[in-house]
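Given next are the chains, with one letter for each unit.
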Amino acid sequence: MNGSHATALRCIQCGTSFPLEYRLECDRCAGLLELQYDWAALEKSGPDVFTGGGLWRYAPVLPIADPAHRVTLGEGQSPLLDCPALARRLGVRRLYAKFEGSNPTGTVKDRSSTTAVAAALQFGFSATSVVSSGNAGSSIGAYSAKAGLRSLVFAYEKTSAPKLLHMAATATDLVIYQGVYDDLIGIWDRLVEDRVFFDCGASRNAYKHEGKKTIAYEIAEQLSWQAPDIVVAPVAVGETFIAACRGFAEMAQVGWISKQPQMVAAQAARANAVVRAWREHRPIQPIKIGYTVAEGLAAGDPGKKGSWTLALLQEHGGIAGDAEDEEILEAQRLLAQTEGIWAGPTGVATLAVLRRLLSQKAINWDATICIILSETGLKTEAPLPSRQALAFDEASLRRLVTERLARR
Ligand SMILES: [Zn+2]
């Protein structure tokens, strides 16, 4: 029951198939690999093949064969929240928020950490490693700890204090690196070839990547096996975007949903290599980036997955958009005030981009739209509200309450 239907790895460029082993790219052309499944069997059984709760409900479309390797902290089944008040503010017919802040470490990263660490066990590794702007580090640390593996986490020097605390708590070894993600990832990726640790990075590992696909399956199942018209996904190197796109495409292929959503790739304007390439109809050129409040989107060189993201956008008629840091912070407040959802800046970049695209009339107001909010706001580092304290007697307390409630 609930066995994996994975059959092979396949190169996205030349189509060569490989057995289900630990392999990061194609032998022939160095293309990225994606997982293949026995879709004939899955089509026959229908979505009833999914049983149990949490992310591993979708084990039949994940590449981990032995249930004993499926390390879990209770990830997945995040809420798909109907947001009528925010929809009215934006002037759209229907708006859903897929809020990933409810995952065990507060971010969408837990979806890929659970399959990454499970794959590390499947292939007999005793250590994991990741280069992180903050969220991936604490998540890989947590799942590695749960699995009894060592984790070597390289963390962005400007990561927020709450993220740093979280990484220090969960990782076996935490090392702070100078500069931004792009400065370390290239050389770290070369160390991966030595197989001294399991690759928990976002750039190549298909087993890790695959866990994030479940976000699409959940959205569809939460809408009674329908896809929204539009899904807005964040893009750093493109892992969440590609995985969501793959998930919807698979479900459409077996007829579990009638159509795929239009995908929107959301980036921070300060790290918008994919958006620039999409706008200018050209290949991606890496850009030098500085700090953005959307820390998780701070990648100037999205590598091969950036190109894959661009290809999917072109192939499926998707849209790419970006937003300035100020717009992202404004979206964060708006979301909290209208819907009570406290998501981090990386998480609300999708909302900020949606607002921009609506104002540019690049998106139809009459659509059913789903934004992916990739992280909790509880790891945000921002200036504290005033701590100026007031002393009360009953009369002054009454005056204040009366005055406050009279405010519009
Ligand atoms: Zn190939």
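Residues numbered from 1 in each chain as written. Predicted model: local features only at pLDDT ≥ 70, side-chain atom pairs only at ≥ 80, totals over all residues. Heavy atoms only, no water.

Undergrad: How do you make sense of the coordination of the zinc ion when you look at a structure like this?
TA: Reference values for angles at a metal are 109.5 degrees in the four-donor tetrahedral case and 90 or 180 degrees in the six-donor octahedral case. Around the zinc ion, the protein supplies Cys11 (SG), Cys14 (SG), Cys26 (SG) and Cys29 (SG) as donor atoms, at distances of 2.2 to 2.4 Å. What the four donor atoms of the zinc ion show is an angle range of 97 to 120 degrees at the metal, which sorts the shape as tetrahedral. Donor residues for the zinc ion, ordered by position in the chain, follow C-x2-C-x11-C-x2-C. In this pair, Cys14 sits in the loop between strand 1 (6–11) and strand 2 (17–18) while Cys26 sits in the loop between strand 2 and strand 3 (33–37), placing the two residues twelve residues apart along the sequence. (Donors = N, O, S within 2.8 Å, 3.2 Å for Na, K, Ca; no water. Tetrahedral: all angles 85-135°; square planar, octahedral: opposite > 155°, others 65-115°. Helix = DSSP H or I, 4+ residues; strand = E, 2+ residues; numbered from the N terminus.)

Undergrad: Just checking my understanding: could you explain unusual backbone geometry for this structure?
TA: Most peptide bonds are trans, and most residues other than glycine sit at a negative phi. Positioned with a positive phi, Ser224 is a non-glycine residue whose angle comes to about 55 degrees. Relative to the elements of secondary structure, Ser224 occurs in the loop between helix 8 (214–222) and strand 10 (230–234). When its relative accessible area of 59% is taken as the criterion, Ser224 is described as exposed. Positive phi values are uncommon outside glycine, yet His281 reaches one of about 50 degrees. As for its position among the elements, His281 is in the loop between helix 10 (273–279) and helix 11 (303–315). (Buried < 20%, exposed > 50% of the residue type's maximum accessible area, 1.4 Å probe, protein only.)

Undergrad: What am I meant to see in the packing of aromatic side chains here?
TA: In this description, a pair of aromatic rings is defined by centroid distance and the angle of the planes. Tallied over the entire structure, the rule returns 13 aromatic pairs. A connected cluster of aromatic rings, assembled from ring pairs, spans Tyr22, Phe123, Phe125, Phe198 and Tyr207. (Phe/Tyr/Trp six-rings, centres within 6.5 Å; stacked < 30°, edge-to-face > 60°.)

Undergrad: When you look at the pairing of strand 12 (residues 319–323) in this model, what are you seeing that I'm missing?
TA: Consecutive side chains along a regular strand alternate between the two faces of the sheet. Most of strand 12 sits inside the fold, with five of its five residues counted as buried. Alternating residues of strand 12 divide into Ile319, Gly321 and Ala323 and Ala320 and Asp322, and every residue in both groups is buried. Here strand 11 (residues 262–268) runs beside strand 12; their pairing, made up of five bridges, is parallel. Looking at strand 12, one finds that Val264 is bridged to Ile319. (Pairing = 2+ DSSP bridges.)

Undergrad: Would you mind showing me how to read the pairing of strand 8 (residues 173–177) here?
TA: As judged from the five bridges shared by strand 7 (residues 150–156) and strand 8, these two strands associate in the parallel manner. When the bridges of strand 8 are listed, Ala155 appears paired with Ile176. Taken together, strand 7, helix 5 (residues 161–170) and strand 8 form a β-α-β motif whose crossover is right-handed. (Right-handed = clockwise from strand over helix to strand, strands pointing away.)

Undergrad: I keep staring at the pattern of salt bridges and nothing clicks. Help me out?
TA: Any two side chains of opposite charge can pair, on the condition that their charged atoms come close. Overall, the coordinates contain 36 salt bridges when judged by the stated rule. In this structure, Lys259 engages Asp229 in a salt bridge whose closest nitrogen and oxygen atoms are separated by 3.1 Å. Placement of Lys259 in the loop between helix 9 (239–253) and strand 11 and of Asp229 in the loop between helix 8 and strand 10 is noted, with a sequence separation of 30 residues between them. According to the relative accessible area criterion, Lys259 is partly exposed, its value standing at 37%. One network of salt bridges, in which partners are shared, links Arg10, Glu34, Glu210, Lys213, Arg246 and Glu250. (Salt bridge = Lys/Arg side-chain N within 4 Å of Asp/Glu carboxyl O.)

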